[in-house]
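Now for the letters of each chain:
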Amino acid sequence: MSRNDNESSPSITLNKRLKRVLTNKTYKSTLKSIRKTHRKSSLVLSKLIHAKGMDNFNELLIKTLASPRAFLGAAVVGLLGTTLSVYVAEIYSYHYNYLLFVYMILIGYVIGLVLELLS
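Residues numbered from 1 in each chain as written. Predicted model: local features only at pLDDT ≥ 70, side-chain atom pairs only at ≥ 80, totals over all residues. Heavy atoms only, no water.

Engineer: Would you take a moment to explain the overall build of the chain for this structure?
Structural biologist: Each helix and strand in the chain was counted, giving five helices and zero strands. Walking the chain from its N terminus toward its C terminus, one meets helices and strands in the order α-α-α-α-α. The buried share of the chain, taken over its 119 residues, is 16%. Summed over its atoms, the accessible surface of the chain is roughly 10000 Å², and 68% of this surface lies on carbon and sulfur atoms. (Helix = DSSP H or I, 4+ residues; strand = E, 2+ residues; numbered from the N terminus. Buried < 20%, exposed > 50% of the residue type's maximum accessible area, 1.4 Å probe, protein only. Areas by Shrake-Rupley, 256 points an atom, 1.4 Å probe, with all protein chains shown as cover.)

Engineer: Explain the layout of surface pockets to me, please; I cannot follow it from the model alone.
Structural biologist: A water-sized probe, rolled over the atoms, reveals where empty space remains. Roughly 250 Å³ of internal volume is contained in the largest pocket. Among the secondary structure elements, those contributing two or more residues to the lining of the largest pocket are α1 (3-35) and α3 (52-64). Considering every element that reaches the lining of the largest pocket, the biggest residue donor is α1, with six residues. (1 Å grid on protein atoms, 1.4 Å probe; cavity = no way out; pocket = protein on both sides within 12 Å on 5 of 7 lines; lining within 4 Å. Points joined across faces, edges and corners; volume = space filled by probe spheres on them.)

Next up, the structure:
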């Protein structure tokens, strides 16, 4: 290893740390300035939502539960499953259970989540 490799590595690490610190300070100052315009009730909710642990939790939810494939799966299975169920109920003179629509959406959502996690 040359001397230049050793010198550049700590500076890159320092730059990443500095960027993280500055980004964190900018984020905190932005929240502080925005919160000055909030009412008291909104201020409490804002502090709860933007707590450090809650931000990490929200990011996790966005990456897993709110995936586009899950919603697409829910929509497709809900539409096709309900259409097929209504058609079969009409042909065989059965009473259509409207809760079946909710079940179809949930099944499609789970299928979409599984597909998202497998890819």
